[in-house]
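# Commentary on secondary and tertiary structure
The primary structure of each chain is shown beneath.
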Amino acid sequence: MKHVRELITSTVVGGVFIIVPLYLAVLLLLKGMKSVGVLVRPIALLIPDWLPAETLLSLVLVLAVCFLVGAAVRTPAGRAARERIEKMFFERLPGYGLLRSLTQRLAGDSEENTWQPALVELEDALVPAFIIEELDDGRYTVFVPSVPTPLAGAVYVLGRERVHIIDIPFTQAIRSVSRWGAGSKDLVAAMRKRDAPAGAGRIT
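Quick summary incoming for the structure in this document.

## Some details on the overall build of the protein chain
- Assigned secondary structure in the protein chain consists of six helices and five strands.
- The secondary structure elements of the protein chain, listed N-terminal to C-terminal, are α-α-α-α-β-β-β-β-β-α-α.
- Within the protein chain, counting contacts between residues at least 6 apart in sequence, those at least 24 apart form 50% of the total.
- If you sum the accessible surface of the protein chain, you get close to 13,400 Å²; carbon and sulfur atoms cover 64% of it.

Listed below in structure tokens is the structure:
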């Protein structure tokens, strides 16, 4: 019963972390279109009434602003400003780091500092995880995602002998977790030979 309750909870939490950003994005887009409607209205009056010119022009203007902001944050100064804002506000939100890494990796941002996939030893099993940071004493802080919702999970601090880096893309590791572990054999096969423990193969 406890396992079922935890599964339902983790699934709901994972769904919330997907739905809420999408809802907020659409809400902000509509709000932005409404705000710039006054600016495009004089131009819209010159276009035939059968065409929803004000709505289309507002959408184009908002998307253009988003494009310019996106281009700006790719510059050194813009990237520095974005990092300061993220540290001050967004990184305090649970799940934001993983969601940012996932979306930017899917968008093809190769410069994004994505969490390193790994297999960690918990009790007698190997568990899919992501390396968050390395401590000064050589230990790792790792995030162990819940199945099948990778945006929820637990954080551990483990010795480096229990953390085995796997050379696979970030998105492949996420996909395996979200598919109830399907493809785990690829995770084990991608484990760096020098990191592979004796008898590696059992995954939970």
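This is not the end of the story, as more comes after the structure.
## So, the nonpolar core
- In this structure, Leu 119, Phe 130, Ile 166 and Ile 168 are the most contacted members of the largest nonpolar core, which totals 13 residues.
- Elements with a minimum of two residues in this core: strand E2 (125–134) and helix H5 (170–178).
- Sorting elements by how many residues they give to this core places H5 first, with three residues.
- Excluding its chain neighbours within four sequence positions, the residues that come into contact with Ile 166 are Gln 116, Pro 117, Ala 118, Leu 119, Leu 187, Ala 190 and Met 191.
- In terms of nonpolar packing, the next biggest core, distinct from the first, is built from 12 residues, Ala 118, Val 127, Ala 129 and Ile 131 among them.

## With respect to the sheet that holds strand E3 (residues 140–145)
- In spatial order, the strands read E4-E3-E2-E1-E5; together these five strands make up an open sheet with antiparallel pairing. Looking at strand neighbours, the two that pair on one side only are strand E4 (153–158) and strand E5 (163–165), the edges of this open sheet. The average undirected angle you get between the axes of adjacent strands in this sheet is 40 degrees.
- With four bridges connecting them, E2 and E3 associate as antiparallel partners. Within the sheet, the bridge partner assigned to Glu 134 lies in E3 and is Tyr 140.
- In this fold H5 packs onto strand E1 (116–122), E2 and E3, with an angle of close to 140 degrees to the strand it touches most, E2.

## A short note on the pairing of E3
- In terms of burial, E3 is largely enclosed, as six of its six residues are buried.
- Side chains Tyr 140, Val 142 and Val 144 of E3 all project onto a buried face; the interleaved residues Thr 141, Phe 143 and Pro 145 project onto the opposite face, where all are buried too.
- If you look at the hairpin formed by E2 and E3, you'll find five residues sitting between the two strands, and Gly 138 has a positive phi there, around 95 degrees.
- Alignment of E3 against E4, held across six bridges, turns out to be antiparallel.

## A closer look at the pattern of salt bridges
- Counting across every chain of the model gives three salt bridges.
- A salt bridge links Arg 41 to Glu 54, with the nearest nitrogen and oxygen atoms 3.1 Å apart. Of the two residues, Arg 41 sits in helix H1 (residues 2–44) while Glu 54 sits in helix H2 (residues 53–72), which places them 13 residues apart along the sequence.
- Given a relative accessible area of 37%, Arg 41 falls into the partly exposed group.
- In this structure, the salt-bridge partner of Arg 160 is Glu 134, at a minimum N-O distance of 2.9 Å.

## Examining the pairing of E1
- Burial within E1 is extensive, with five of its seven residues counted as buried.
- In this sheet, E2 lies alongside E1 in antiparallel orientation, the contact comprising seven bridges. Note that in E2 the partner of Leu 122 across the bridge is Ala 125.
- In textbook terms, the turn of a hairpin is the stretch between consecutive antiparallel strands, and for E1 and E2 this stretch comprises two residues, one of which, Glu 123, has a positive phi near 60 degrees.
- When E1 meets E5, the two strands line up antiparallel, connected through three bridges. Bridging across to E5, Leu 119 finds its partner in His 164.

## Describing the environment of Asp 137
- Topologically, Asp 137 is positioned in the loop between E2 and E3.
- The spacing of Asp 137 and Arg 160 is 23 residues in sequence and 9.7 Å in space, taken between C-alpha atoms.
- At 2.8 Å, the side chain of Asp 137 forms a polar contact with the side chain of Arg 139.

Cut-offs applied
- Residues numbered from 1 in each chain as written.
- Predicted model: local features only at pLDDT ≥ 70, side-chain atom pairs only at ≥ 80, totals over all residues.
- Heavy atoms only, no water.
- Helix = DSSP H or I, 4+ residues; strand = E, 2+ residues; numbered from the N terminus.
- Contact = heavy atoms within 4.5 Å.
- Areas by Shrake-Rupley, 256 points an atom, 1.4 Å probe, with all protein chains shown as cover.
- Core = buried A, V, L, I, M, F, W, Y, C linked by side-chain atoms within 4.5 Å.
- Buried < 20%, exposed > 50% of the residue type's maximum accessible area, 1.4 Å probe, protein only.
- Pairing = 2+ DSSP bridges.
- Axes fitted to C-alpha atoms, helices over the stretch in contact; angles between N-to-C directions.
- Salt bridge = Lys/Arg side-chain N within 4 Å of Asp/Glu carboxyl O.
- Polar contact = N/O pair within 3.5 Å; in protein donor to acceptor, adjacent residues only side chain to side chain.

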